[in-house]
Amino acid sequence: ALISLLAIVLAYLVGSLSFAVIVSRVMGLDDPRSYGSGNPGATNVLRSGSKKAAILTLLLDAVKGVVPVLVAQALAPTLHWGELTIGMVGLAAFLGHLWPVFFRFQGGKGVATAAGVILALHWPLGLAVLATWLAVAFITRYSSLAALVAAVAAPLIQLLVWPPSGLALPLIAMSLLLIWRHGANIRKLIAGTESRIGQKAEAPA
Ligand code: G3P
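Residues numbered from 1 in each chain as written. Predicted model: local features only at pLDDT ≥ 70, side-chain atom pairs only at ≥ 80, totals over all residues. Heavy atoms only, no water.

With that settled, the discussion passes to the overall build of the protein. Helix and strand counts for the protein come out as ten helices and zero strands. Taken from N to C terminus, the helices and strands of the protein fall in the order α-α-α-α-α-α-α-α-α-α. A globule of 205 residues ought to have a C-alpha radius of gyration of about 17 Å, and the protein, at 16 Å, matches this closely. Reported as C-alpha extents along the three principal axes, the dimensions of the protein are approximately 50 × 35 × 25 Å. Put simply, the protein has 205 residues, and 44% of those count as buried. (Helix = DSSP H or I, 4+ residues; strand = E, 2+ residues; numbered from the N terminus. Rg over C-alpha atoms; globule rule 2.2 N^0.38 Å. Buried < 20%, exposed > 50% of the residue type's maximum accessible area, 1.4 Å probe, protein only.)

Structure below.
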């Protein structure tokens, strides 16, 4: 139990690397918390005009979800970890992104990190969720709406397509938190003021 707790703490620390802020700083761009939606995430970094910075943010925020899960999976047979423990390690990385210890707990909404976590936990589910995100994003051009639909779809697909598993609990927790973090986006979508992918948004409220 102690070693699984240690793994969860380490995953949380990895998740706390807010790559929107780190990549922007390294590339000499403005802090993403100072413009657009104010969210440290790839969608908002794209509003800086740098596609390269946005893609790097997306990839690195996803990788920080992938790596802890792959490490946990590699250790699982030796440490007798089940799916729930592996899922909790993934959830911890996601929580790090939302409340990063290195950035005064002011994190992002968790879309890229959740995608990485799900892909690593169960890649067929990850691909199905990714396809959902891409389809909604392509049709509507709303990054937030695509994330919301994908977040609803993830636990549903898992429950309907695969046998009950210890992954269900961490998956549902990630979905609920992700949806909750999109409160401002939901209000803007309803009001018709949400910005589309690549569009500049108004200054943070
Ligand atoms: O990446 C999070 C996305 O779903 C919404 O981001 O900046 O439009 O609030 P943003």
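Having seen the structure, we can now continue with the description.
By nearness alone, every residue bordering the ligand is listed as Ser37, Asn39, Thr43, Asn44, Arg47, Lys109, Val111, Ser143, Ser144, Ala147, His182 and Asn185. Take Arg47: an N or O atom from its side chain is 2.7 Å from an oxygen atom of the ligand. Contact distances for the ligand include 2.5 Å between an oxygen atom and a side-chain N or O atom of Lys109. Summarising the interface, the protein chains cover 95% of the accessible area of the ligand, which totals 300 Å² for the free molecule. If you list the elements that add at least two residues to the shell around the ligand, you get helix H3 (42-46) and helix H8 (143-161). With three residues, H8 is the single largest residue contributor to the shell around the ligand. Considered class by class, the residues forming the shell around the ligand number two nonpolar, eight polar and two charged. (Near = heavy atom within 4 Å. Polar contact = N/O pair within 3.5 Å; in protein donor to acceptor, adjacent residues only side chain to side chain. Areas by Shrake-Rupley, 256 points an atom, 1.4 Å probe, with all protein chains shown as cover. Nonpolar A, V, L, I, M, F, W, Y, C, P; charged D, E, K, R; others polar.)

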